[in-house]
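Summary of structural features
If you want the building blocks of each chain, they are given just below.
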Amino acid sequence: MTLFANAIFRNPHTTAPGTPPAPPTRIPGLGYILFSKAGVPYDQQDNPLSQNTHEVEPPLEAEDDRKCHSTENGQDEPLDVHAQRRRELEAEEARKGEEDWVRSGGVLRDAEGRRDWARTQAVREELKLRELEAQIMERWNTYEQRWAKVLARVKADTDDSNPDTLLRFGDIPWPLKVSAREVSVDDITTQGIEDFLLESLTVRGNKLTKKERVRSSLLRWHPDKLGNILQRIDAEDVEAVRDGLKVVMECLQRLNAQLS
């Protein structure tokens, strides 16, 4: 036991009150010896030589974060929104399947497997209405496209002496449901013009008003605006074009007066 003969042992917990605790006792050749606190198990002692470090637990995920998921563009959105979108897509796929089945002549069935004639008829009516709206918009888009072609043709062809560049009665995009190239002067009526100009306003999703349609048509068909076109009309068709233009303006002026 001569190893500890010259060592002086001090217990830091036995110092007099009011005095700071003594540092750990160093034994030559052995390093430091720590004395435990009286009445405190060693495994519960604070180690003065260790750094004051502790493991930091990761913060709990916020409630809102747990209810979110990452979208394709990197933004988060609530899970209930994602679920709602999924249900909408599933409903859309089911609706398309029903429409294809009814379009092919099939009959829908209810949850109990019985033929659902009411729902089948509703789908048939929706398909017919959708087809009608497509035809209406196709007529209107064709009308606008023909106007664009006529204006481009007049702007490009400046040689009035060339008969190939002159416009004929059938080249004018008359506002009628029938094909413009099959129109005669007798086909141009105020009722026919009104039906054509206003029918596209009945299509679902349309945001244009009747007043806006009538006013824009007045500007388009006003004789002062058609000067360049009238100058390019073939001599054989000038009178017929003027008669048709007169009917169009009478119809538009009457519609405009009704809106005032």
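Structure shown above.
Here's what I pulled together on the structure shown here. (Residues numbered from 1 in each chain as written. Predicted model: local features only at pLDDT ≥ 70, side-chain atom pairs only at ≥ 80, totals over all residues. Heavy atoms only, no water.)

With that settled, consider the overall build of the protein chain. For the protein chain, the count of helices and strands is seven helices and four strands. Its helices and strands in sequence order give the protein chain the pattern β-β-α-β-β-α-α-α-α-α-α, from N to C terminus. Sequence separation of 24 or more characterises 49% of the internal contacts of the protein chain that already satisfy a separation of 6 or more. Put simply, the protein chain shows about 18900 Å² of open surface, and 52% of that area lies on carbon and sulfur atoms. (Helix = DSSP H or I, 4+ residues; strand = E, 2+ residues; numbered from the N terminus. Contact = heavy atoms within 4.5 Å. Areas by Shrake-Rupley, 256 points an atom, 1.4 Å probe, with all protein chains shown as cover.)

What follows covers helix α4 (residues 190-199). With seven of 10 residues buried, α4 lies mostly within the body of the structure. Residues of α4 that are buried include every one of Gly192, Ile193, Glu194, Phe196, Leu197, Leu198 and Glu199, and no others. Elements that come into contact with the buried residues of α4 comprise α3 (117-156), α5 (210-221) and α7 (238-259). (Buried < 20%, exposed > 50% of the residue type's maximum accessible area, 1.4 Å probe, protein only.)

So, on to empty space enclosed by the protein. Applying the stated criterion across every chain, the model contains one cavity of 30 Å³ or more. One number sums up the size of the largest cavity: a volume of about 70 Å³. For the largest cavity, the full set of lining residues is Trp147, Ile172, Trp174, Trp221, Leu226, Ile229, Leu230, Ile233, Val241 and Leu245. Listing elements by their share of the lining of the largest cavity, those giving two or more residues are α6 (227-231) and α7. Counted by class, the lining of the largest cavity contains 10 nonpolar, no polar and no charged residues. (1 Å grid on protein atoms, 1.4 Å probe; cavity = no way out; pocket = protein on both sides within 12 Å on 5 of 7 lines; lining within 4 Å. Points joined across faces, edges and corners; volume = space filled by probe spheres on them. Nonpolar A, V, L, I, M, F, W, Y, C, P; charged D, E, K, R; others polar.)

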